[in-house]
Amino acid sequence: MSTYRDFTLTHRGSARGTVLRTIGSRERRSHLTAPRVPTVGIDIGGTKVMAGVVDADGVILEKIRTETPDKSKSPKVVEDTIVELVLDLSDRHDVHAVGIGAAGWVDADRSRVLFAPHLAWRDEPLRDALQSRLAVPVMVDNDANTAAWAEWRFGAGRGEDHLVMITLGTGIGGAILEGGQVKRGRYGVAGEFGHMQVVPGGHRCPCGNRGCWEQYSSGNALVREARELAAADSPVAYGIIARVGGSVHEITGPLITELAREGDAMCIELLQDIGQWLGVGIANLAAALDPSCFVIGGGVSAADDLLIGPARDAFRRHLTGRGYRPEARIAKAQLGPEAGMVGAADLARLVARRFRRATRRRVERYERYAQLGRRQTPGPDDQDATQ
């Protein structure tokens, strides 16, 4: 005899797939009525996997992290790490759904990671692989999308109807929110702003092209310029050369920011250069998208006004129709490195609600059909009467 458990196990995968395909068109104000239950958000980057339990107000109840397994290892190794983190948190919290923010391209159905530059994921069915091992719904999205959602819900983008987020890290990521909905594009890969061409024939980018924006305004660009000056034994680089004891490979973005705050002229100038290129790119995005607010996040944004000040100046100089149009606000992200994790958890709450509703409706229909079947099946007395 079929049971409720049999029905749930049989139809769980198809129900979740249907829910995730339809959720994108209903995000607009869904967060207002989403269940106020704790969910797990996971941010997967090239160097770390961070997981946390987040409540309905965006408050992190507990957070744990571990190193990302080496990219040469199989995708299952990363999946094992995610499952271990979720199970660890589930021992202490009543978890209702899991949201994944992955550093890579995620398809429009938010089920497969099409490409992850720092992991061995190529058309990887991440959602289904995790759902087969976890007893709660799973949502997968690009990490910049989840960070932008968090800033719109709880951070620097609150109250904005048209928001663009720029994440400055090793490269440049981005996301677009309009009317309370993440704009993912037809194939799910919208927001890859870092690969807009800003200098034809410029620096070679790992993507294969030349002159991409992230080659001029990112953590990699910042470190490359500093190391080149130090390797050339430039007089302007003596401060940073002394700090690293002549080991050029030890020059990092955080060190450059630290020295700039201490007044090192070269480091200040490098951040100004990165900021000016940032402003040029933002002006291009304003011409195309016309948002009301740009939120600047990622590790490089820790430089604050050493970076964002020059970006605002360059934005005003390069903005199309400057002086005759409203200017978008440029703000630093408020949630820091936890933004992607918080946003993934919050988006997962929407999936949890719709999955529960979809499952409940299907179970109710199943029970009605089962009752109807019992009424139509002849009983022992009926069988005796027919003989």
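This structure is a prediction, so every number in the text was calculated from the model and none was measured. (Residues numbered from 1 in each chain as written. Predicted model: local features only at pLDDT ≥ 70, side-chain atom pairs only at ≥ 80, totals over all residues. Heavy atoms only, no water.)

## Side note on the nonpolar core
Going by this rule: To form a nonpolar core, buried Ala, Val, Leu, Ile, Met, Phe, Trp, Tyr and Cys residues must be joined to one another through side-chain atoms within 4.5 Å. Accessible area is worked out with a 1.4 Å probe on protein chains only. A residue is then buried under 20% of its type maximum, exposed over 50%, and partly exposed in between. Numbering of helices and strands runs from the N terminus; a helix is a DSSP stretch of H or I covering at least four residues, while a strand is a stretch of E covering at least two. Pairs of residues are marked as contacts when any of their non-hydrogen atoms sit within 4.5 Å.
One finds Ile166, Ile240, Leu278, Phe294 and Phe315 to be the most contacted residues of the largest nonpolar core, which totals 44 residues. Elements with a minimum of two residues in this core: strand E9 (162-168), strand E10 (172-178), helix H5 (219-231), helix H6 (238-243), helix H7 (253-261), helix H8 (265-289), strand E12 (293-297) and helix H9 (305-318). When residues of this core are assigned to their parent elements, the largest contribution, ten residues, is made by H8. Among all residues touching isoleucine 166, those that are not within four sequence positions of it are Ile172, Gly173, Phe193, Trp213, Leu278, Leu285, Val295, Ile296 and Gly297. Listed in part, the 28 residues of the second largest apolar core include Val40, Val83, Ile100 and Val136.

## What to know about the packing of aromatic side chains
Cut-off, in case you're wondering: Here the aromatic set is Phe, Tyr and Trp, taking the six-membered ring for Trp, and pairing holds for ring centres within 6.5 Å; pairs whose planes are under 30 degrees apart are stacked, those over 60 apart are edge-to-face, and all others are tilted.
Counted according to the given criterion, the structure contains four aromatic pairs. An angle of 50° between the planes, with centres 5.1 Å apart, marks the rings of tryptophan 149 and tryptophan 152 as tilted. Linking tryptophan 149 with tryptophan 152, this pair stays in helix H4 (residues 143-154), spanning three residues, or about one helical turn. In this structure tryptophan 149 comes out as buried when scored by relative accessible area, which is 0%. Ring centres of phenylalanine 294 and phenylalanine 315 lie 6.2 Å apart, and the angle between their planes is 70°; this geometry places the pair in the edge-to-face category. Taken together, the positions of phenylalanine 294 in strand E12 and phenylalanine 315 in helix H9 put the pair 21 residues apart, joining distant regions of the chain. Overall, phenylalanine 294 belongs to the buried group, its relative accessible area being 0%.

## Thoughts on the sheet that holds strand E4 (residues 98-102)
Condition: Any two strands between which DSSP finds at least two bridges are classified as paired. Axes here refer to lines fitted to C-alpha atoms; in helices the fit is confined to the stretch in contact. Angles between the N-to-C directions go from 0 to 180 degrees.
Reading across the sheet, the five strands line up as E3-E2-E1-E4-E8 and stay open at both edges, with mixed pairing between neighbours. Either end of the sheet is taken by a strand with one partner, and the two such strands are strand E3 (60-67) and strand E8 (138-142). Within this sheet the neighbouring strands show an average axis-to-axis angle of 15°, counted without direction. Taken strand by strand, helix H2 (residues 75-90) contacts strand E1 (39-44), strand E2 (48-54), E3 and E4, and its axis lies near 150° from that of E3. Across the sheet, H4 touches E1, E4 and E8, and the angle it forms with E8 is around 100°.

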